[in-house]
Amino acid sequence: MTDLGQESEVLGATPRQLFIDGSWRDGARGSTFGVEDPATGRVLVEVSDGDADDALAALAAADEAQAGWAATPPRQRGEILRRAYETLTERIDDLSLLMTLEMGKPLEGSRAEITYAAEFFRWFSEEAVRIDGRYTTEPNGNGRLLVMRQPVGPCLLITPWNFPMAMATRKLGPAIAAGCTMVVKPAELTPLSTLALTQILSECGLPPGVLNVVTTKSPGAATGPVIADPRLRKLSFTGSTPVGKQLMAAAAEQMHRVSMELGGNAPFLVFPDADLDAAVEGAVVAKMRNMGEACTAANRFCVHESVAAEFARRLAARLGAMKVGRGTEPNVDVGPLIESKARDKVVDLVEDATKRGAEVLTGGAAIDGPGYFYAPTVLSDVPPQARLLQEEIFGPVAPVVTFATDDEAIAQANGTEFGLVAFVYTSSLERSLRVSEALEVGMVGLNQGIVSNPAAPFGGVKQSGLGREGGREGIEEYLNIKYVAVHL
Ligand code: NAP
């Protein structure tokens, strides 16, 4: 358990201002907003509230720094990332406490996220020196085709609150490696992890102007003029589908490149030949990581009718035994939801399902007291009309539905506007490949409840978005292709 002294020390060491052109400064209006601990409802610190003038100053700094940064040797860019990877790893204790304080997840989960976040820097430190092109002979043998990759230019990177560090490094890592400068707008609910990350990158030698950070409680008003500005060349957004659509429409005016990592509605399919113990373990991870507040969280458990009752019973036993509490306390498995609005939505979705006939096997209610806690919940006999089968739950609730045939399972899985990830449990190689091919998603977890990996291309199809983060593909989002027709 952490004590108040440790908490105030970590908070005291974290910057609270905007970071523009290498300097920490207050916003133009001089106003601030509070960052709350979702486990207590207490305001932890006040952070500068930037506006459009601040965001445009940040863009001007990014634009000014762009040419010099693009010309910096790739090895040098990679080494800054490598040092930042090492520093994040060394400071994991303080950074995980900071993350737990602002976001609520248990310390163990914060440590796992910081390790994951740091790995994006390690991965892209290695990719910085592997940006290649090609030189080929024209098919008619006369001329030559030269293809090169160059940094896109200044980027606006907008991140959500649920993984405050990893959603930032997944964008910053490839942008830095590719030679792009950037303006970052972290989520209002969790700006502190990004501010701590910025301080680390600056200490590790990132030149002024390359990374600029604007915290704000007016995201549309602050970023709108930046998106409308032709000096910006790319928008990378992680967040909800409705906001993503709005930003993509705005970006279209300048034809900015866009990457969109949006919402999900992941099906978790359990076939009759699955190892049920492994499926239950995978389900716990796929559902409960981050209290269910993950775009990849299993949103629907589609289980073959021959094993559904047993699967639901075992899952309820596991979720019912989880310890709920403030993430700084020992052995806590499940922290609070991010804010009261988020908890109210979970309450509504579960009420809607139970009114329509779903049975509560465990949980099923909010937990009283300060903080925004909701009990881990398993619902069986969930009717197809229940809203939580179509909407992102973003909470610790596992609805179980049944299927009779593989075709029915695939139809259930694909019966959503989203297409981020699906989880498949089966012991048949033939079935696992056939089902993986048929699923309309960007990622499949085959006999495992987690897919996130810095070395893999993360992203979705349908209304889950466009583009990929991580893997060899991740850096492509920050590179333009130029072709030179060579007359010999
Ligand atoms: P959100 O409300 O869409 O917000 C995401 C970010 O966009 C925040 O920084 C937010 O700022 C900002 N924003 C909101 N309105 C804006 C506007 N008009 N102009 C510019 N920026 C704006 O989403 P969220 O609730 O933070 O995050 C949860 C969602 O993210 C879920 O749907 C989840 O599935 C998705 N997500 C997707 C992935 C993925 O990789 N596919 C990963 C993680 C999360 P404020 O904080 O000030 O509102």
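The structure presented is a predicted model; accordingly, all values stated were derived computationally and were not measured. (Residues numbered from 1 in each chain as written. Predicted model: local features only at pLDDT ≥ 70, side-chain atom pairs only at ≥ 80, totals over all residues. Heavy atoms only, no water.)

*Asks:* Please clarify how the nonpolar core should be interpreted in this entry.
*Replies:* One recurring pattern in soluble globular proteins: nonpolar side chains tend to sit buried together. Membership of the largest hydrophobic core comes to 127 residues, with the highest contact counts inside it found for Leu172, Met182, Phe268, Phe311 and Leu388. With eight residues, the single largest contributor to this core is helix α6 (residues 166–178). Residues within four places of leucine 388 in sequence aside, it is in contact with Asn299, Leu349, Ala353, Leu379, Val382, Ile393, Val397 and Pro399. Among the nonpolar cores identified, the runner-up in size contains 20 residues, and Ile20, Ala62, Ile227 and Leu262 belong to it. (Core = buried A, V, L, I, M, F, W, Y, C linked by side-chain atoms within 4.5 Å. Buried < 20%, exposed > 50% of the residue type's maximum accessible area, 1.4 Å probe, protein only. Helix = DSSP H or I, 4+ residues; strand = E, 2+ residues; numbered from the N terminus. Contact = heavy atoms within 4.5 Å.)

*Asks:* Teacher, can you tell me more about the sheet that holds strand β19 (residues 443–446) here?
*Replies:* The strands that make up a sheet pair up through hydrogen bonds in the backbone, lying either parallel or antiparallel. On the basis of which strands lie adjacent, the open sheet formed by seven strands has the order β14-β15-β16-β13-β12-β18-β19 and mixed pairing. Strand pairing shows two members of the sheet lacking a second neighbour, β14 (359–362) and β19, which therefore form its edges. Averaged over neighbouring strand pairs, the angle between their axes works out to 25° when direction is ignored. In the sheet, strand β15 (residues 377–380) pairs with strand β16 (residues 397–403) via three bridges, with the strands oriented parallel. By the bridge assignment, threonine 377 is partnered in β16 with valine 397. Running over the sheet, helix α13 (residues 406–414) touches β12 (266–270), β13 (298–304) and β16 and is turned about 145° from β16. (Pairing = 2+ DSSP bridges. Axes fitted to C-alpha atoms, helices over the stretch in contact; angles between N-to-C directions.)

*Asks:* Please explain the site of the ligand as it appears in this structure.
*Replies:* The environment of the ligand is formed by 30 residues, the closest being Thr159, Arg170, Ser240, Leu262 and Glu392. Within the side chain of serine 240, a nitrogen or oxygen atom sits 2.6 Å from an oxygen atom of the ligand. Contact with the protein chains hides 87% of the accessible area of the ligand, taken as 900 Å² for the molecule alone. Taking a 2 Å distance to the grid points as the criterion, the majority of the atoms of the ligand fall inside the largest pocket. Only α6, α8 (219–227), β10 (234–238) and α9 (241–252) provide two or more residues apiece to the shell around the ligand. The class makeup of the residues in the shell around the ligand is 15 nonpolar, 10 polar and five charged. Of the domains in this structure, domain 1 (4–262 + 464–485) and domain 2 (266–453) are the two that each give at least three residues to the shell around the ligand. (Near = heavy atom within 4 Å. Polar contact = N/O pair within 3.5 Å; in protein donor to acceptor, adjacent residues only side chain to side chain. Areas by Shrake-Rupley, 256 points an atom, 1.4 Å probe, with all protein chains shown as cover. 1 Å grid on protein atoms, 1.4 Å probe; cavity = no way out; pocket = protein on both sides within 12 Å on 5 of 7 lines; lining within 4 Å. Sits in = over half its atoms within 2 Å of the grid points. Nonpolar A, V, L, I, M, F, W, Y, C, P; charged D, E, K, R; others polar. Domains from an automatic or database assignment.)

*Asks:* How do you make sense of the sheet that holds strand β6 (residues 144–151) when you look at a structure like this?
*Replies:* Strands sit in the order β5-β6-β22 across an open sheet of three strands; the sheet is antiparallel. Only two strands of the sheet have a single neighbouring strand rather than two, namely β5 (134–137) and β22 (479–486). Across the sheet, the mean angle from the axis of one strand to that of its neighbour is 20°, orientation sign disregarded. In this sheet, β22 lies alongside β6 in antiparallel orientation, the contact comprising eight bridges.

*Asks:* Any chance you could explain the pattern of salt bridges here in plain terms?
*Replies:* Evaluated as defined, the whole model comprises 27 salt bridges. Glutamate 477 is the salt-bridge partner of lysine 234, the closest N and O atoms lying 3.8 Å from each other. With a gap of 243 residues between them, lysine 234 in strand β10 and glutamate 477 in the loop between β21 (465–466) and β22 connect regions that are remote in the sequence. Salt-bridge contacts for aspartate 277 lead to arginine 314; the nearest nitrogen and oxygen are separated by 2.3 Å. One end of the pair, aspartate 277, is in helix α10 (residues 276–288); the other, arginine 314, is in helix α11 (residues 308–320), and 37 residues separate them in sequence. Each of Asp273, Asp406, Glu430, Arg431 and Arg434 takes part in salt bridges that share partners, so that together they form one network. (Salt bridge = Lys/Arg side-chain N within 4 Å of Asp/Glu carboxyl O.)

*Asks:* Quick question: what am I supposed to make of the environment of valine 307 here?
*Replies:* Note on placement: valine 307 falls in the loop between β13 and α11. Residue classification places valine 307 among the buried residues on the basis of a relative accessible area of 16%. Between the C-alpha atoms of valine 307 and aspartate 51, which are 256 residues apart in sequence, the distance is 55 Å.

*Asks:* Is there a simple way to explain the packing of α13 against helix α14 (residues 429–438) in this structure?
*Replies:* At a minimum axis separation of 10 Å, α13 and α14 run at an interaxial angle of 35°. In terms of crossing hand, the pair formed by α13 and α14 is right-handed. Where α13 approaches α14, its residues Asp406, Ile410 and Asn414 are matched on the opposing element by Arg431, Arg434, Val435 and Ala438. Partitioning the contact of α13 with α14 into residue classes produces three nonpolar, one polar and three charged. (Left-handed = near helix turned anticlockwise from the far one by under 90°.)

*Asks:* For this particular structure, what's the right way to read the packing of α10 against α11?
*Replies:* To describe two helices that pack against each other, one gives the angle between their axes and the distance between the axes. Contact geometry of α10 with α11 gives a least axis separation of 10 Å together with a crossing angle of 50°. The angle between α10 and α11 falls in the class oblique. At the point where α10 passes α11, the crossing takes the right-handed sense. Here α10 contributes Leu276, Asp277, Ala279, Val280, Glu281, Ala283, Val284 and Met288 to the contact with α11, which in turn contributes Glu310, Phe311, Arg314, Leu315, Arg318 and Leu319. Residue classes in the contact of α10 with α11 are distributed as nine nonpolar, no polar and five charged. (Parallel < 35°, antiparallel > 145°, perpendicular 65-115°, else oblique.)

*Asks:* I tried to follow the pairing of β13 on my own but got confused; where do I start?
*Replies:* Here is the key point about a regular strand: its side chains alternate between the two faces of the sheet. β13 sits mainly inside the fold: seven of its seven residues count as buried. Direction of pairing for β12 relative to β13: parallel, over a ladder of five bridges. Note that in β13 the partner of leucine 269 across the bridge is cysteine 302. In this structure, β13 lies alongside β16, joined through four bridges in parallel fashion. Looking at the pairing, valine 303 lines up with threonine 402 of β16.

*Asks:* How should I be thinking about the packing of aromatic side chains in this particular structure?
*Replies:* Aromatic ring pairs are described here by two measures, namely the spacing of the ring centres and the angle between the planes. Per the stated rule, a full pass over the model turns up nine aromatic pairs. Between tryptophan 161 and phenylalanine 394, the ring centres sit 5.7 Å apart and the planes meet at 90°, which makes this aromatic pair edge-to-face. Here the residue tryptophan 161 occupies a position in the loop between β7 (155–158) and α6, and phenylalanine 394 occupies one in the loop between β15 and β16, the gap between them amounting to 233 residues. Given a relative accessible area of 17%, tryptophan 161 falls into the buried group. Here arginine 170 stacks its cationic end above the ring of phenylalanine 458, 4.0 Å away from the centre of that ring. Over the face of the ring belonging to tyrosine 478 we find lysine 234, whose NZ or CZ atom lies 5.1 Å from the ring centre. (Phe/Tyr/Trp six-rings, centres within 6.5 Å; stacked < 30°, edge-to-face > 60°. Lys NZ or Arg CZ within 6 Å of the ring centre and 35° of its normal.)

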